[in-house]
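One letter stands for each residue in the lines below.
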Amino acid sequence: MAVGVGEANSGAGGGTLSELYQSSRRLLLKSRDGLEKLERFEYTWSSSSSSSTVMVADPSEQSFDAVRKDITQIQSLCSEMELLWRSIPAKSQRDLWKRKVEQVAEEAESLKASLDKYNLRHQRRMQEARERAELIGRTNGDSSHVLRIFDDEAQAMQSARRSSRMMEETLATGVAILSKYSEQRDRLKRAQRKALDVLNTLGLSNSVMRLIEKRNRVDRWIKYAGMILTIVILIFIWRWTR
């Protein structure tokens, strides 16, 4: 695809607009599959925990972190693609890529909302498991190991949430900086166009001034020639009448 339809290289070396779009679509499919696996595990975990009082550690933490990381990467790709489609000169192609990027961003936001809801449900499950383990511990001193497992997992989830918040803040800062650079680039382009217009105007004015000066010189010689010719004619008439 030509540059006019969005095949421009990204400033960060991330590839063309089409390549970034294909990468974001693959990540969307991967994130959607990962979220579905988490929800299937949630259903299996809930069924097993309702029929048994024996608790095991939830192995979905790594999958949760992977999906969160993929969604964050999709949002970062959307920021890069937004900078690229804005530079497409053809309005029709620019509008087409704008709709595509907005669709990817909306799907990523929907996946993020679903993942956040899953995380809330997961936290509630963890709290309920802790409460059940505490009840079991009052009648059975062997529940301390189960409590320690859930304490470790709760701490790990809190650390993951803090890391996720830090990544989101860093991403937001990077997007703001890129937007400022884009605005400065647009202002510089407008200033360059104005400077070229002024130079073109000055070039035209200089040409007009030179033409006027040349015309003034010609008029001056015509005036002097006319004066001399008039004097000669007067002298001729005067001598002829004598």
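Every value quoted in this text rests on a predicted model; they were computed, and no experiment measured them. (Residues numbered from 1 in each chain as written. Predicted model: local features only at pLDDT ≥ 70, side-chain atom pairs only at ≥ 80, totals over all residues. Heavy atoms only, no water.)

**Student:** Whenever I open this one, the overall build of the protein confuses me. Can you help?
**Tutor:** Secondary structure assignment for the protein yields 4 helices and 0 strands. Here the protein holds 242 residues, and the buried ones make up 26% of them. Within the protein, counting contacts between residues at least 6 apart in sequence, those at least 24 apart form 76% of the total. For the protein, the accessible area works out to roughly 16800 Å², and carbon and sulfur atoms hold 58% of it. (Helix = DSSP H or I, 4+ residues; strand = E, 2+ residues; numbered from the N terminus. Buried < 20%, exposed > 50% of the residue type's maximum accessible area, 1.4 Å probe, protein only. Contact = heavy atoms within 4.5 Å. Areas by Shrake-Rupley, 256 points an atom, 1.4 Å probe, with all protein chains shown as cover.)

**Student:** How should I be thinking about the UniProt feature "coiled-coil region" (unreviewed entry) in the protein in this particular structure?
**Tutor:** Cross-referencing UniProt, the feature "coiled-coil region" (unreviewed entry) maps to residues 94-121 in the present numbering. Annotated as 100% helix and 0% strand, the span residues 94-121 places its first and last C-alpha atoms 41 Å apart. (UniProt positions renumbered as here; feature names shortened; annotations may be inferred.)

**Student:** Help me understand the pattern of salt bridges in this model?
**Tutor:** In the structure shown here, the tally under the stated rule is 10 salt bridges. For E168, the salt bridge is made with R68, and the minimal N-O distance between the two is 3.6 Å. Here R68 lies in helix α2 (residues 61-85) and E168 lies in helix α4 (residues 144-241), a separation of 100 residues in the sequence. Overall, R68 belongs to the buried group, its relative accessible area being 13%. With its nearest N and O atoms 3.8 Å apart, the salt bridge here joins E168 to K112. Taken together, the positions of E168 in helix α4 and K112 in helix α3 (residues 91-139) put the pair 56 residues apart, joining distant regions of the chain. (Salt bridge = Lys/Arg side-chain N within 4 Å of Asp/Glu carboxyl O.)

**Student:** Is there a simple way to explain the nonpolar core in this structure?
**Tutor:** It is characteristic of soluble globular proteins that their nonpolar side chains tend to be buried jointly. In this structure, L17, I74, M81 and L115 are the most contacted members of the largest nonpolar core, which totals 25 residues. When contributions to this core are tallied by element, the ones reaching two or more residues are α1 (17-51), α2 and α3. Considering each element in turn, this core owes the most residues, 9 residues, to α2. In this structure M81 touches L17, L20, Y21, S24 and V101, once residues within four positions along its chain are discounted. (Core = buried A, V, L, I, M, F, W, Y, C linked by side-chain atoms within 4.5 Å.)

**Student:** What am I meant to see in the side chain of N119 here?
**Tutor:** Relative to the helices and strands, N119 resides in helix α3. You can call N119 buried: its relative accessible area is 7%. Excluding residues that lie within four positions of it along the chain, N119 makes contacts with F64, M157 and R161.

**Student:** What's the story with the confidence of the model for the protein in this structure? I'm lost.
**Tutor:** Should pLDDT be low for a region, the predicted coordinates there are not to be read in detail. When the pLDDT values of the protein are averaged, the result is 76; 76% of them are 70 or greater. Element-level pLDDT for the protein is lowest in α4, with a mean of 76, against a maximum mean of 87 in α2. Confidence drops under a pLDDT of 50 for residues 50-57, and excluding neighbours within four residues, the segment shows 11 contacts in the predicted structure. (pLDDT = per-residue confidence, 0-100.)

**Student:** Help me out: how do you make sense of the packing of aromatic side chains in this one?
**Tutor:** Working definition: an aromatic ring pair is given by the centre-to-centre distance plus the angle between the planes. Across all of its chains, the model carries 2 aromatic pairs by this definition. Where Y21 meets W97, the ring centres are 5.7 Å apart and the plane angle is 85°; that geometry is what we call edge-to-face. Of the two residues, Y21 sits in helix α1 while W97 sits in helix α3, which places them 76 residues apart along the sequence. By relative accessible area, W97 is classed as buried at 3%. The residue whose ring lies beneath K100 is Y21, and the NZ or CZ to ring-centre distance is 5.5 Å. (Phe/Tyr/Trp six-rings, centres within 6.5 Å; stacked < 30°, edge-to-face > 60°. Lys NZ or Arg CZ within 6 Å of the ring centre and 35° of its normal.)

**Student:** What is the right way to look at the UniProt feature "transmembrane region" (unreviewed entry) in the protein in this model?
**Tutor:** Those places that UniProt annotates as "transmembrane region" (unreviewed entry) correspond, in this numbering, to residues 221-240. Between the C-alpha atoms that bound residues 221-240 the distance is 28 Å, and the span itself is 100% helix and 0% strand.

**Student:** Whenever I open this one, the environment of S182 confuses me. Can you help?
**Tutor:** Inspection of the secondary structure puts S182 in helix α4. For the pair S182 and R86, spaced 96 residues apart in the sequence, the C-alpha separation amounts to 9.2 Å.

**Student:** What am I meant to see in a nonpolar patch on the surface here?
**Tutor:** Among the surface-exposed residues, L229, I233, F236, I237 and W240 lie close enough to one another that they form a single nonpolar patch of about 600 Å² accessible area. Judged by its relative accessible area of 58%, F236 falls in the exposed class. (Patch = residues over 30% accessible without salt bridge, like charges linked within 9 Å, V, L, I, M, F, W, Y side chains within 5 Å.)

**Student:** Looking at this model, I keep getting lost on a positive patch on the surface. Mind explaining?
**Tutor:** Together, K180, R185, R187, K189, R190, R193 and K194 line one region of the surface with positive charge. Among the structural elements, R187 can be located in helix α4. We classify R187 as partly exposed; its relative accessible area is 46%. (Lys, Arg positive; Asp, Glu negative; His and termini not counted. Charge placed at Lys NZ, Arg CZ, Asp CG, Glu CD.)

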